[in-house]
Protein chains: 2
Amino acid sequence: MIVNETNRIVSFVKSPDSNRRSDRARTAILAAATASVAEIGYAKTTIEGIAGRAGVGKQTIYRWWSSKGAVVLDALLAEQAEIELPDTGDFTADLRTVLRATVDEFADPGISATLRALMIDMQNDPALSERVMERMLGPQLDATKRRLESAQEAGQISADLDLDVAVEMFFGPIYHRWILQTMPLDRAYADSLTTLAVRALG
Amino acid sequence: MIVNETNRIVSFVKSPDSNRRSDRARTAILAAATASVAEIGYAKTTIEGIAGRAGVGKQTIYRWWSSKGAVVLDALLAEQAEIELPDTGDFTADLRTVLRATVDEFADPGISATLRALMIDMQNDPALSERVMERMLGPQLDATKRRLESAQEAGQISADLDLDVAVEMFFGPIYHRWILQTMPLDRAYADSLTTLAVRALG
């Protein structure tokens, strides 16, 4: 709703041509960021390099993004479909599907390296941390909370659960293995974790 | 046992005086690392700075440690008592004590900043990562596994649990909140998490 209002105001101020140019520049920048990270990795990717590949000036990038991490985050998100968890009625099976997909993502060396680099940058960049939370982690956790609510309505898990605590029973242990590299992160692990976490919500 | 053997061999090769000098240097280096991190933080702490404070040459530090992270890790560990979990017979109460102590530690700005910096360094330094696992995380997870075994023997939790998966039900969600800063990390959270994680092991 708010986004629509904003778009309408922007359309009123700018000409349609200038809007189309903006859209093209944004798309080119995100594609350039994706290509750069895939070819030379996050660490060597720079705003200058992205601008060069996209055929825009550095200032065009800084108009929309405050850091390399923010551009790369949006490039990652541009490739993702809208986040909605499966709801087949079988709560355990649906969560198992999600946790398997999550460990598969972390098992992809390219995605894992980029997420790790973003996670490191977040620790010293509160603006990036907020943006990752708002655009990536928040929506993921919210989608999971919606699936937990539907399980609560179906009487499959306790009605009085704190859902913020509950969602981290699924993703917390996966991040622990991924960041601290304590043990293998594979589908067998996703399945064991699903069993325990579902039991926790009993 | 192995440590005693090694000490005996070292004593045989080196004179008692040289051993005493080594012990004094190690103690001074660890104290200097602690003081430096407390005063100027992990990021600005350097091997040179630690050497200067401890009154030793840089090479003396590199004889025992391969990186700043490795020295700081040992300095942190020198202040910790041996890790053993309480075993009062009340499994839930004992785990609640441990999780409260863990969130208290993460709530301490100094400790939290140092652990965060170590965690970041670990991501690009496999030797440091291995050392943190071997000397800090591994012993913590092992001590928790011993407590879970004693609960299994008492018939308080399932006998067929994979204890590696089980321990991360307690610590994974805490790390998730701490690293991703999703939500407040306080004692109320430690208590809610204890309830759910204990139920998971049911």
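Residues numbered from 1 in each chain as written. Chains lettered and ligands numbered in written order. Predicted model: local features only at pLDDT ≥ 70, side-chain atom pairs only at ≥ 80, totals over all residues. Heavy atoms only, no water.

### Here's the deal with the overall build of chain A
Broken down by element type, chain A carries ten helices and zero strands. Along chain A, from the amino end to the carboxyl end, the secondary structure elements read α-α-α-α-α-α-α-α-α-α. If you line up chain A on its principal axes, its C-alpha atoms span 55 × 40 × 30 Å. When each of the 202 residues of chain A is scored for burial, the buried share is 46%. For chain A, the proportion of contacts with a sequence separation of at least 24, taken over those separated by at least 6, is 64%. Of the roughly 10,200 Å² of accessible surface on chain A, 54% is carried by carbon and sulfur atoms. If you average the places of the 22 positive and of the 28 negative side-chain charges in chain A, the two averages end up 8 Å apart. (Helix = DSSP H or I, 4+ residues; strand = E, 2+ residues; numbered from the N terminus. Buried < 20%, exposed > 50% of the residue type's maximum accessible area, 1.4 Å probe, protein only. Contact = heavy atoms within 4.5 Å. Areas by Shrake-Rupley, 256 points an atom, 1.4 Å probe, with all protein chains shown as cover. Lys, Arg positive; Asp, Glu negative; His and termini not counted. Charge placed at Lys NZ, Arg CZ, Asp CG, Glu CD.)

### Observations regarding the relation of the copies chain A and chain B
Once chain A is rotated about the relating axis by 180° and shifted along it by 0.0 Å, it coincides with chain B to within an RMSD of 0.0 Å. Taken together, the turn and the small shift mark the pair as related by a two-fold rotation axis. The overlap is high: 100% of the interface residues of chain A also sit at the interface in chain B, so the same surface is used on both sides. (Least-squares fit on C-alpha atoms with pLDDT ≥ 70 in both.)

### Topic: the domain arrangement of chain A
All names here are of chain A. Partitioning chain A into structural domains gives domain 1 (2–67) and domain 2 (91–200). Contacts between the two partners involve five residues from domain 1, matched on the other side by seven residues from domain 2. Buried area between domain 1 and domain 2, both sides added, is near 460 Å², and the carbon and sulfur share of it is 52%. On inspection of domain 1 and its partner domain 2, the count reaches zero salt bridges. For the interface between domain 1 and domain 2, the tally reads one residue pair in polar contact (both at pLDDT 80 or more). Class assignment of the residues belonging to the side of domain 1 that touches domain 2 gives a composition of four nonpolar, one polar and no charged. (Domains from an automatic or database assignment. Buried area = accessible area lost by both parts, 1.4 Å probe. Salt bridge = Lys/Arg side-chain N within 4 Å of Asp/Glu carboxyl O. Polar contact = N/O pair within 3.5 Å; in protein donor to acceptor, adjacent residues only side chain to side chain. Nonpolar A, V, L, I, M, F, W, Y, C, P; charged D, E, K, R; others polar.)

### Here's the deal with the interface of chain A and chain B
Taken residue by residue, the interface counts 37 residues in chain A and 37 residues in chain B. Summing both sides of the interface, chain A and chain B together bury roughly 3,200 Å²; the carbon and sulfur share of this comes to 67%. Broken down residue by residue, the surface that chain A buries against chain B is led by Gln123, Glu168 and Leu180 of chain A, which jointly contribute 19%. Among the ionic pairs, Arg177 of chain B bridges to Glu168 of chain A, the shortest N-O distance being 2.5 Å. Run the count over chain A and chain B and you get twelve residue pairs in polar contact (both at pLDDT 80 or more).

### Side note on the packing of helix α7 (residues 109–123) of chain B against helix α8 (residues 126–153) of chain B
Residue and element names in this part refer to chain B. Packing of α7 against α8 brings their axes to within 7 Å, and their N-to-C directions diverge by 130°. Taken together, the axis directions place α7 and α8 in an arrangement best described as oblique. Contacts between α7 and α8 involve Leu115, Leu118, Asp121 and Met122 on the former and, on the latter, Pro126, Leu128, Ser129, Val132 and Met136. Of the residues that constitute the contact of α7 with α8, the class distribution is seven nonpolar, one polar and one charged. (Axes fitted to C-alpha atoms, helices over the stretch in contact; angles between N-to-C directions. Parallel < 35°, antiparallel > 145°, perpendicular 65-115°, else oblique.)

### Notes on the pattern of salt bridges
Residues and elements named next belong to chain B. One pass over the structure, following the stated rule, counts 24 salt bridges over all chains. Of the charged contacts, one joins Arg131 and Asp74 as a salt bridge, the two residues approaching to 3.0 Å between their closest N and O atoms. Of this pair, Arg131 sits in helix α8 while Asp74 sits in helix α5 (residues 68–78); the two residues are 57 residues apart in sequence, bridging distant segments of the chain. Residue classification places Asp74 among the buried positions, given a relative accessible area of 5%.

### A short note on the nonpolar core
Counting 126 residues, the largest nonpolar core has Phe170 and Leu201 of chain A together with Phe170 and Leu201 of chain B as the members making the most contacts within it. Leu201 of chain B has contacts with Leu196 and Arg199 of chain A together with Phe91, Leu148, Ile157, Ser158, Leu161, Ala166 and Phe170 of chain B, leaving out every residue within four places of it along the chain. (Core = buried A, V, L, I, M, F, W, Y, C linked by side-chain atoms within 4.5 Å.)

### Here we look at the confidence of the model for chain A
Of the residues in chain A, 91% have a pLDDT of 70 or more, and the chain-wide mean is 89. Scored below 50 in pLDDT, residues 1–12 of chain A shows two contacts in the model against residues more than four places distant or in partner chains. (pLDDT = per-residue confidence, 0-100.)

### Here's the deal with unusual backbone geometry
All names here are of chain A. Phi at Gln181 takes a positive value of approximately 50°, unusual for a residue other than glycine. If you trace the backbone, Gln181 turns up in the loop between α9 (163–180) and α10 (187–200). Residue class for Gln181 comes out partly exposed when judged on its relative accessible area of 40%.

### Some points on the UniProt feature "DNA-binding region" (unreviewed entry) in chain A
In the numbering adopted here, UniProt assigns the feature "DNA-binding region" (unreviewed entry) to residues 46–65 of chain A. Span residues 46–65 of chain A is 75% helix and 0% strand, its end C-alpha atoms 13 Å apart. (UniProt positions renumbered as here; feature names shortened; annotations may be inferred.)

### Side note on the packing of aromatic side chains
One pass over the full model with this rule turns up eight aromatic pairs over all chains. Ring geometry for Trp64 of chain A versus Trp65 of chain A: centroids 5.9 Å apart, planes at 80°, classification edge-to-face. Classification of Trp65 of chain A as buried rests on a relative accessible area of 1%. On the basis of an interplanar angle of 90° and a centroid distance of 5.8 Å, the ring pair of Tyr175 of chain B and Trp178 of chain B is categorised as edge-to-face. (Phe/Tyr/Trp six-rings, centres within 6.5 Å; stacked < 30°, edge-to-face > 60°.)

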